[in-house]
Amino acid sequence: MVDGVSAAGPGGGSAHAPPHGALVMSPGGGPAHVPPNAGGGHGTDGPELQFPGVCDAAAMVEEDDCGCNGTPSNQQEAERSSALFHEEAAAVGAGHLVQPPPWSAHNGFTAKRVPSAELRHLSVGDAPKPAKAEVEEPGDVEMALAFAMGAHSRCGKESWIRLLNDHCIRSILLCEITIGPTRHFNSIKKALESGSASCSAVVRLEFEGGLHVMGEEAQVPANFRVIMCPQAGADKVTVRSSCGRPLLSVSWRCSFVSCRDLSFESGPSVAGPDGSVRQRTLCACAGKLLLSNCQVSSETGIGLCVVRCGMVRADDCSFAKCGFVGMAAAQRGSIQASRCRVTESGHFGLLSTDEDSSIEVVDCVVEKNATYGVGVGAGAQFRAFGTALRGNQVGLVSKGSNSAATLVDCDVEANVRIGVGVRDAGDCSLVDTRVARNHYGVCVSNAGSSIALAGCKVRDNTMHG
């Protein structure tokens, strides 16, 4: 049992660290003197911790198959126009939108990490805090109206002049399209390619209730701001892909998509030329994607895949029964999730694969995934706050040089094999976290691997804490 700064040692014994400090277990040596196979390590007597999914995931997010054709030639001009747009809107008193700084400035992650030391001291007071949300709901309609209204914005709310201008300008700047089997537009792709959508500042796609089957991938064009939601009064809306390609791809840096109250599904995938499976229900290669109260599943692949400079925020969403991974970040992609449930994936619940990829979750549940609840590859980063990892084969594994996992006020419980595993020079920090009722509580193996605990409780694990 570890309470504060005590941890299970070899054979179920105890090792004590100084008060207000943190216990650091490192098979490479150090003052803790924990042998490589102590405490349920990966020696001949313990289960071997495999991490095959990183290679598999890398094959599924190859750069030549993510739908991104590069930065548009007018990228800089579009960004300048967007900045001017927001400044003008704020000037007429209709709102205030702060452009977020680059990812590394606010989210608490560092682009490069110092190699793990063999002994680190961590106090509860040093616990990291959740990062500022990088994907915000911008209120585009109101901003566009304010910009277009100009001097009329000074009129009172009851002014007929303002009322008439409001309705006229809204009809010009906002394109509202209803998608349904009997409607003129029966797919997302056709709606986004329409002339009315390309001439509008904001495109709102509303879905009739029921099942919508899409036979083609929808790629959001450059400079588009899209809102997707059910039609007013509609029953549950399910959007399903039948083409083996992503339902929706956000592939331009200056694009923004907001989806709420929708269910996204993908059917059987289509194998690539090399036989690899590439199915992704939702994909963000660039730009920003906001998911609110959505359900995402993929029969054979990845529910949500974020690569390159894509940024995704998911609130109150469910990622269930994905054939391979619930949510994956690779090639510098970043995901922020709050109050989400990731369950019953075929391999990983959450996977941050490689250098500078990052996932942060707050108040989430990651449970009942077939192999790993969370996987963190070499150079990747993962942070969790108030999150439960339970009922997986392995709760969390941090594997590879400069992999960094941090759990703050989390519950790692009832995992079949291992609660938290660190190997191959990986790194992990646990603060105010409970690790209980797993077969092995914490496992650390291979030279260079390290874990730090502060204010944690490791108890009631079957073999070793």
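Since the structure is predicted, the reported quantities are computational estimates derived from the model, not experimental observations.

1. As for the overall build of the chain
Along the chain, the regular secondary structure elements total seven helices and 37 strands. Within the chain, the fraction of its 465 residues that count as buried is 54%. Put simply, 63% of the contacts in the chain that link residues at least 6 apart link residues at least 24 apart. Of the roughly 19100 Å² of accessible surface on the chain, 53% is carried by carbon and sulfur atoms.

2. Section: the environment of Leu-389
For Leu-389, the location among the structural elements is in strand E28 (residues 388–390). With 24 residues separating them along the chain, Leu-389 and Glu-413 place their C-alpha atoms 6.5 Å apart. Those residues in contact with Leu-389 that lie beyond four places of it in its chain are Val-366, Val-374, Gly-395, Leu-396, Leu-407, Asp-411, Val-412, Glu-413 and Asn-415.

3. Things to note about the pairing of strand E21 (residues 334–338)
In terms of burial, E21 is largely enclosed, as five of its five residues are buried. Residues Ser-334, Gln-336 and Ser-338 line one face of E21 and the alternating positions Ile-335 and Ala-337 line the opposite face, and both faces are buried. One ladder, built from five bridges, connects strand E18 (residues 311–315) with E21; its direction is parallel. For Asp-315, the partnering residue across the bridge sits in E21 and is Ser-338.

4. Quick notes on the pattern of salt bridges
Under the defined criterion, the tally for this structure stands at 17 salt bridges. Between Glu-360 and Arg-383 there is a salt bridge whose closest N-O contact spans 2.8 Å. On the criterion of sequence distance, the pair formed by Glu-360 in strand E24 (residues 358–362) and Arg-383 in strand E27 (residues 381–385) is long-range, its members being 23 residues apart. Both residues of the pair, Glu-360 and Arg-383, belong to the buried class. Among the ionic pairs, Asp-411 bridges to Arg-434, the shortest N-O distance being 2.9 Å. One end of the pair, Asp-411, is in strand E31 (residues 411–413); the other, Arg-434, is in strand E34 (residues 434–436), and 23 residues separate them in sequence. Residue Asp-411 is classed as partly exposed on the basis of its relative accessible area of 25%. Here the residues in one salt-bridge network are Arg-240, Glu-265 and Glu-299, joined through shared partners.

5. Re the pairing of strand E14 (residues 280–284)
Among the five residues that make up E14, five are buried, leaving the element largely enclosed by the rest of the structure. With three bridges connecting them, strand E11 (residues 248–250) and E14 associate as parallel partners. Within the sheet, the bridge partner assigned to Leu-248 lies in E14 and is Leu-282. As paired strands, E14 and strand E17 (residues 302–307) are joined by four bridges and run parallel to one another. When the bridges of E17 are listed, Ala-284 appears paired with Val-306.

6. Description of the confidence of the model for the chain
For the chain, per-residue confidence averages 76 on the pLDDT scale, and residues scoring 70 or more make up 62% of the total. Ignoring residues within four places in sequence, the model shows residues 1–78, a span with pLDDT below 50, making 176 contacts including any to other chains.

7. Notes on the environment of Leu-453
When you line up the elements, Leu-453 lands in strand E36 (residues 450–454). Leu-453 sits in the buried class, given a relative accessible area of 2%. In the structure, Leu-453 is positioned 25 residues away from Cys-428 in sequence and 8.7 Å away in space, judged by C-alpha atoms.

Cut-offs used in this document
- Residues numbered from 1 in each chain as written.
- Predicted model: local features only at pLDDT ≥ 70, side-chain atom pairs only at ≥ 80, totals over all residues.
- Heavy atoms only, no water.
- Helix = DSSP H or I, 4+ residues; strand = E, 2+ residues; numbered from the N terminus.
- Buried < 20%, exposed > 50% of the residue type's maximum accessible area, 1.4 Å probe, protein only.
- Contact = heavy atoms within 4.5 Å.
- Areas by Shrake-Rupley, 256 points an atom, 1.4 Å probe, with all protein chains shown as cover.
- Pairing = 2+ DSSP bridges.
- Salt bridge = Lys/Arg side-chain N within 4 Å of Asp/Glu carboxyl O.
- pLDDT = per-residue confidence, 0-100.

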